[in-house]
Amino acid sequence: MTMMKSARIHAYGDASVIRYENVPRPRPAHGEVLVRVAATSFNPSEAALRAGLLRTFLPVDLPHTLGWDVAGTVTEVGPGVERFTVGDRVIGRLDGGGAAAEYVRAPVAVLVGAPESIPLANAAALPVAGLTAWQAVFEHGRVAAGQRVLINGAGGGVGGFVTQLAKYAGAQVIATAGARSAEAVRRQGADHVVDYTAVPLGAALGDGQVDTLLNLVPLSPPDAAALARLVRPGGRIVSIATPIEPRPDAGVTALHMVTRNDVAQLTALVELVDAGTVTVDISQSHPLTALPDVHRLSEAGRTRGKIIILPHQH
Ligand SMILES: NC(=O)c1ccc[n+]([C@@H]2O[C@H](COP(=O)([O-])OP(=O)(O)OC[C@H]3O[C@@H](n4cnc5c(N)ncnc54)[C@H](OP(=O)(O)O)[C@@H]3O)[C@@H](O)[C@H]2O)c1
């Protein structure tokens, strides 16, 4: 039996439950391909899954191999697969995880061709964060040209794509970022950056000043209410983190979204990357052995941007 390295959890707990271990290399089933993983990317929700916080919402069988995002090369094609062939470079969001490994079997229904203009490993940053951004900006936020959009948490992995897509939609973008992310967020197109560590947002903006608020960070109830007041009457709030209360008196709607898989949107993102409209910025890359450290850094609030994990780098 051919073996491979993977990062798995056998129990919920702190980052030390992540085990780097040998497991049998899988074979693709009907409608699947085997992908040699160039990279997966870290998403903070995986730390929540590992800690057991998503148990009711997203139950998984243990042991569970981490890694929702995959970028890699098809090395084997299962029965009934016509869309991909050996050697194809693909990316996708794997709903069952598994990409924190040297190889992963992936249903072709969730895969698209990787962007050609960037390194394959970097493209692992795109599926979860890019789809989340797309759905926040276009589906739920309905961001359109000329709108004033406030992006709270633009320095994170999702924020980079949200900023770029809101600009692509023609919005005027106000973004919150700390000193470590301000430059990157400006490069991604933000018109105005507010340092959330230095100035209370309310003081920097004033109530009723934005058409749409896209919130990408966990908030306390008072902070959520203060943010909601920044939205003009009739405006719209979308949160991917803490739900924010609407303000029915002012006609301000609020929606808490959960990202879904969508290959048409992922294909559109790949096209924007290859057109040079969307850049994929990688803040750090680590070997798979370092995954527990990445979880710890994220949980300590010490990460920014997208982080990729390389299973074949030892
Ligand atoms: N609902 C869904 O389906 C869904 C999907 C994807 C992600 N999420 C959630 O959305 C959140 C963002 O995801 P992510 O991948 O972008 O996370 P991330 O990369 O870990 O975000 C880290 C960034 O958050 C910023 N930040 C932290 N506290 C902040 C505050 N009070 N104000 C403004 N910015 C702050 C920091 O910015 P600076 O560097 O500027 O300090 C940091 O760079 C996470 O909670 C994640 O679990 C939800």
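These numbers come from a predicted model, not from an experiment. (Residues numbered from 1 in each chain as written. Predicted model: local features only at pLDDT ≥ 70, side-chain atom pairs only at ≥ 80, totals over all residues. Heavy atoms only, no water.)

Our focus in this paragraph is the site of the ligand. Neighbouring residues of the ligand: 24 residues in total, closest Gly157, Gly178, Ser181, Tyr196 and Met257. For the ligand, an oxygen atom lies 3.3 Å from a polar atom in the backbone of Gly155. The residue inventory of the shell around the ligand, partitioned by class, reads nine nonpolar, 13 polar and two charged. Here the shell around the ligand spans two domains, since at least three of its residues come from each of domain 1 (3-126 + 281-310) and domain 2 (129-256). (Near = heavy atom within 4 Å. Polar contact = N/O pair within 3.5 Å; in protein donor to acceptor, adjacent residues only side chain to side chain. Nonpolar A, V, L, I, M, F, W, Y, C, P; charged D, E, K, R; others polar. Domains from an automatic or database assignment.)

The subject of this paragraph is the environment of Leu66. Inspection of the secondary structure assignment puts Leu66 in the loop between strand E4 (64-65) and strand E5 (69-77). For Leu66, the residues in contact, after removing those within four places along its chain, are Ala7, Ile9, Ile18, Glu46, Leu49, Gly97, Gly98, Ala99, Ala100, Leu291 and His295. (Helix = DSSP H or I, 4+ residues; strand = E, 2+ residues; numbered from the N terminus. Contact = heavy atoms within 4.5 Å.)

As a further point, take the domain arrangement of the chain. Along its sequence, the chain is carved into domain 1 (3-126 + 281-310) and domain 2 (129-256). The gap between the C-alpha centroids of domain 1 and domain 2 is 28 Å. On the domain 2 side, the residues contacting the eleven residues of domain 1 number eleven residues. Counting the surface lost from both domain 1 and domain 2, the interface buries some 820 Å², and carbon and sulfur atoms represent 46% of this. Interface area lost by domain 1 to domain 2 is led by Leu126, Asp281 and Arg304, which between them contribute 58%. For the interface between domain 1 and domain 2, the tally reads zero salt bridges. Taken together, domain 1 and domain 2 are joined by seven residue pairs in polar contact (both at pLDDT 80 or more). Along the lines of polarity and charge, the residues of the side of domain 1 that touches domain 2 split into two nonpolar, four polar and five charged. (Buried area = accessible area lost by both parts, 1.4 Å probe. Salt bridge = Lys/Arg side-chain N within 4 Å of Asp/Glu carboxyl O.)

The next thing to look at is empty space enclosed by the protein. Empty space left among the atoms is revealed by rolling a probe the size of a water molecule over them. For the structure shown, the criterion picks out one cavity of 30 Å³ or more. Put simply, the largest cavity is a space of about 50 Å³. At the level of secondary structure, the elements contributing two or more residues to the lining of the largest cavity comprise strand E3 (32-41) and helix H8 (291-299). Residue composition of the lining of the largest cavity, grouped by class: four nonpolar, four polar and one charged. (1 Å grid on protein atoms, 1.4 Å probe; cavity = no way out; pocket = protein on both sides within 12 Å on 5 of 7 lines; lining within 4 Å. Points joined across faces, edges and corners; volume = space filled by probe spheres on them.)

Turning to the packing of aromatic side chains, a few remarks are in order. Inspection of every chain in the model, using the stated rule, returns one aromatic pair. The lysine or arginine in question, Arg25, covers the ring of Tyr103, its NZ or CZ lying 3.9 Å from the ring centre. (Phe/Tyr/Trp six-rings, centres within 6.5 Å; stacked < 30°, edge-to-face > 60°. Lys NZ or Arg CZ within 6 Å of the ring centre and 35° of its normal.)

What follows covers the side chain of Asn43. Tracing the chain through its elements places Asn43 in the loop between E3 and helix H1 (44-51). On the accessibility criterion, Asn43 (5% relative accessible area) is buried. Side chain to side chain, Asn43 and Lys306 meet in a polar contact 3.0 Å long. Among all residues touching Asn43, those that are not within four sequence positions of it are Trp68, Asp69, Val128, Ala129 and Lys306. (Buried < 20%, exposed > 50% of the residue type's maximum accessible area, 1.4 Å probe, protein only.)

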